[in-house]
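Working through the structure, step by step
So you can see what is in the structure, the chains are spelled out below.
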Amino acid sequence: METSSHYFYVLACRDGSLYAGYTNNIEKRLKTHNDGKGAKYTRARLPVKLHYAESFSTKREAMQAEYYFKKLSRKNKERYIEEKRREGVDYQPAKEL
């Protein structure tokens with residue numbers, strides 16, 4: 001994975017909720033969350049799985065996508081992910097996380 005890439009990602013938590021964040025290393029960030037050292041929100045909802053990720057060339061773009069996503073209703077979050085997947089935007093990791 002390129003270290004110069006920036007990602008907006010969505011995790012599916014054990015309780016069915018979604019958590020959105022930013023990272024420049026998806027594999028490392030997912031491990032951090034599942035080790036209980038990530039966001040306070042996810043610590044109580046482990047394990048988490050990568051549900052969606054989108055790559056951007058700048059940190060600003062990735063964080064803007066995260067901000068936009070967090071303002072959406074649950075229904076619109078799922079719609080956003082489905083539309084992006086249809087467009088072929090969903091980041092696919094090299095290996096299963």
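Procedures and definitions
Residues numbered from 1 in each chain as written. Predicted model: local features only at pLDDT ≥ 70, side-chain atom pairs only at ≥ 80, totals over all residues. Heavy atoms only, no water. Core = buried A, V, L, I, M, F, W, Y, C linked by side-chain atoms within 4.5 Å. Buried < 20%, exposed > 50% of the residue type's maximum accessible area, 1.4 Å probe, protein only. Helix = DSSP H or I, 4+ residues; strand = E, 2+ residues; numbered from the N terminus. Contact = heavy atoms within 4.5 Å. Pairing = 2+ DSSP bridges. Axes fitted to C-alpha atoms, helices over the stretch in contact; angles between N-to-C directions. Polar contact = N/O pair within 3.5 Å; in protein donor to acceptor, adjacent residues only side chain to side chain.

The name given to the protein in an unreviewed UniProt entry is GIY-YIG nuclease family protein, with Bacillus haynesii as the source organism.

Okay, the nonpolar core next. The biggest cluster of nonpolar side chains holds 13 residues, and the ones touching the most others in it are Phe 8, Val 10, Tyr 52, Phe 69, Tyr 80 and Ile 81. At the level of elements, strand 1 (6-12), strand 2 (18-23), strand 3 (49-56), helix 3 (59-70) and helix 4 (74-86) are the ones that each hand at least two residues to this core. When near neighbours in sequence (up to four residues on either side) are disregarded, Tyr 80 contacts Phe 8, Tyr 52, Glu 54, Ala 65, Tyr 68, Phe 69 and Leu 72. Counting 12 residues, the second largest nonpolar core, distinct from the first, contains Tyr 19, Ile 26, Ala 39 and Tyr 91.

The next thing to look at is the sheet that holds strand 2. Judged by pairing direction, the sheet is antiparallel, and its three strands sit side by side in the order 2-1-3 without closing on themselves. Of all strands in the sheet, those bounded by a partner on one side alone are strand 2 and strand 3. In this sheet, neighbouring strand axes are inclined to one another by 20° on average, regardless of whether the strands run parallel or antiparallel. Against the sheet, helix 1 (residues 26-34) touches strand 1, strand 2 and strand 3, its axis set at about 35° to strand 1. Packed on one face of the sheet, helix 4 meets strand 1, strand 2 and strand 3 and runs near 60° to strand 3.

Let us look at the side chain of Thr 23. Among the secondary structure elements, Thr 23 is positioned in strand 2. One polar contact links the side chain of Thr 23 to the main-chain amide nitrogen of Asn 25, over a distance of 3.1 Å. If we ignore the near neighbours within four places in the chain, the residues touching Thr 23 are His 6, Tyr 7, Tyr 9 and Arg 29.

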